[in-house]
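Single-letter residue listing:
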Amino acid sequence: MENIAPALLEWFYRNQRILPFRTDPSPYHVWLSEIMLQQTRVSAALPYYERFLAALPDIPALAACEEEKLHKLWEGLGYYSRVRNLQKAARIVCEEYGGELPADYDALRALPGIGDYTAGAIASISFGLAVPAVDGNVLRVFSRLYNDSGIITEPGVKKAFTARVMEHQPPEKAGDYNQALMELGALVCLPNGAPLCGQCPLAALCAARAAGTMLELPRKAAPKARRVEPVTVVLAEDAEGRFLLQQRPGKGLLAGLWQPLLWEGEALSAGEVLARLEELGLGCAGAEALPEAKHIFSHIEWRMKGYAVRVGTVYAPAGCVWASREQMQDEYTLPGAFKAYRKRMGL
Ligand code: SF4
């Protein structure tokens, strides 16, 4: 195939979105943006990006940030392991590289939370290194460009596609080329059967377009079924309108974040809830059932039964605190899984 870079770059320079991490593509900015964008759309991530950088303008500040504040800055983005890994990596960068990310693909790749794609994006965009940065957008573009029905979730297929990506990469413009491919995937060669081939700078070269197969590509392995887990959530409120929050364990799902009282793996009746509360020293007269809710994580789905109770004591069981509305807003990070209950908690 003819080299795609000239047409692709010309299109990119005319059509790229103006984004803060493009205007100032320092390694820290590119790193932070790529981690935020892993599970979040650009438009949704931008306010978080600005706020995060205003609070933590460089890697040493990120490394030194206190955990609750870090979680608070990430609140609403979800997948909190991303921000915990950011901080772990920032601490290593401070200890081993004097607080600046290393201009080396393998050294970047070795940091917590940085995979092939993120290492490639930082190395090529910020340091100008001629390495690939292949995300889902790029795989989609190449599967269509070559009309290749290989299953892109398979490592061997991804490797072969990456080799093709590199065949077209101009070494002196590696960062622009990588960004242009991602941008084409994000703006033109769209997923879910909606490519805008009429606006595509590669249309004349595209084998899937010629064959009329672009709507069938890319092919992916069927997603694994999620485990469905019943969960009981209890909003325990005291006479002053404070809610009882408990901190999750330091490891595993939603590690270290705060939640209402919760029993995982059990859909408790109102009577059972009252008995559990009694055992905890939180006697109350009745439990009001709240609408059921669900939350989907990558590998698990919570089906939540909710109850609201009024508690007459100020006693907080081990690992719990009574939190006012202001404290829930400013101090304690309540993950998005409890979105359905926020209103009832005055948030
Ligand atoms: S022509 Fe259409 S299918 Fe081919 S790369 Fe462009 S947008 Fe994608």
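The protein chain has the name Adenine DNA glycosylase in an unreviewed UniProt entry, where Faecalibacterium butyricigenerans is given as its organism. Taken verbatim from the UniProt record of the protein chain, the Catalytic activity (unreviewed entry) comment is "Hydrolyzes free adenine bases from 7,8-dihydro-8-oxoguanine:adenine mismatched double-stranded DNA, leaving an apurinic site." Within the UniProt record for the protein chain, the comment given under Sequence similarities (unreviewed entry) is "Belongs to the Nth/MutY family."

### A closer look at the site of the ligand
Every residue lining the ligand is accounted for by Arg144, Val188, Cys189, Pro195, Cys197, Cys200, Ala203, Cys206, Arg209 and Met214. When its residues are assigned to classes, the shell around the ligand shows eight nonpolar, no polar and two charged.

### Observations concerning the packing of aromatic side chains
The final tally for this structure, using the stated rule, is eight aromatic pairs. Ring plane angle 75° and centroid distance 5.4 Å describe the contact between Phe21 and Tyr49, whose orientation is recorded as edge-to-face. Pair noted here: Phe21 is in helix α2 (residues 20-23) and Tyr49 is in helix α4 (residues 42-55), with a separation of 28 residues, a long-range link. Like Tyr49, Phe21 is buried.

### Focus: the domain arrangement of the protein chain
The assigned domain composition of the protein chain is domain 1 (5-134 + 155-184) and domain 2 (227-345). Computed over C-alpha atoms only, the centres of domain 1 and domain 2 are separated by 35 Å. Across the boundary between the two partners, domain 1 contributes seven residues, which contact 16 residues of domain 2. A per-residue breakdown of the area domain 1 buries against domain 2 is headed by Glu68, Lys72 and Tyr80, which together make up 54% of the total. Put simply, domain 1 and domain 2 have zero salt bridges between them. At the junction of domain 1 with domain 2, the criterion picks out seven residue pairs in polar contact (both at pLDDT 80 or more).

### Some remarks on the UniProt feature "domain: HhH-GPD" (unreviewed entry) in the protein chain
Sites flagged by UniProt as "domain: HhH-GPD" (unreviewed entry) map to residues 36-187. For the annotated span residues 36-187, helix accounts for 66% and strand for 0% of the residues, and the straight-line distance between the end C-alpha atoms is 19 Å.

### Describing the side chain of Glu229
Along the chain, Glu229 turns up in strand β1 (residues 227-237). For Glu229, a relative accessible area of 13% gives the class buried. In contact with Glu229, other than residues within four places in its own chain, are Glu264, Gly265, Ile300, Glu301, Trp302 and Arg303.

### Some thoughts on helix α6 (residues 67-74)
Across the eight residues that make up α6, a large majority, six, are buried. Within the sequence span of α6, burial applies to Glu68, Leu70, His71, Lys72, Leu73 and Trp74. Following α6 by one or two positions, Gly76 has its phi on the positive side, about 105°.

Conventions adopted
- Residues numbered from 1 in each chain as written.
- Predicted model: local features only at pLDDT ≥ 70, side-chain atom pairs only at ≥ 80, totals over all residues.
- Heavy atoms only, no water.
- UniProt positions renumbered as here; feature names shortened; annotations may be inferred.
- Near = heavy atom within 4 Å.
- Nonpolar A, V, L, I, M, F, W, Y, C, P; charged D, E, K, R; others polar.
- Phe/Tyr/Trp six-rings, centres within 6.5 Å; stacked < 30°, edge-to-face > 60°.
- Helix = DSSP H or I, 4+ residues; strand = E, 2+ residues; numbered from the N terminus.
- Buried < 20%, exposed > 50% of the residue type's maximum accessible area, 1.4 Å probe, protein only.
- Domains from an automatic or database assignment.
- Contact = heavy atoms within 4.5 Å.
- Buried area = accessible area lost by both parts, 1.4 Å probe.
- Salt bridge = Lys/Arg side-chain N within 4 Å of Asp/Glu carboxyl O.
- Polar contact = N/O pair within 3.5 Å; in protein donor to acceptor, adjacent residues only side chain to side chain.

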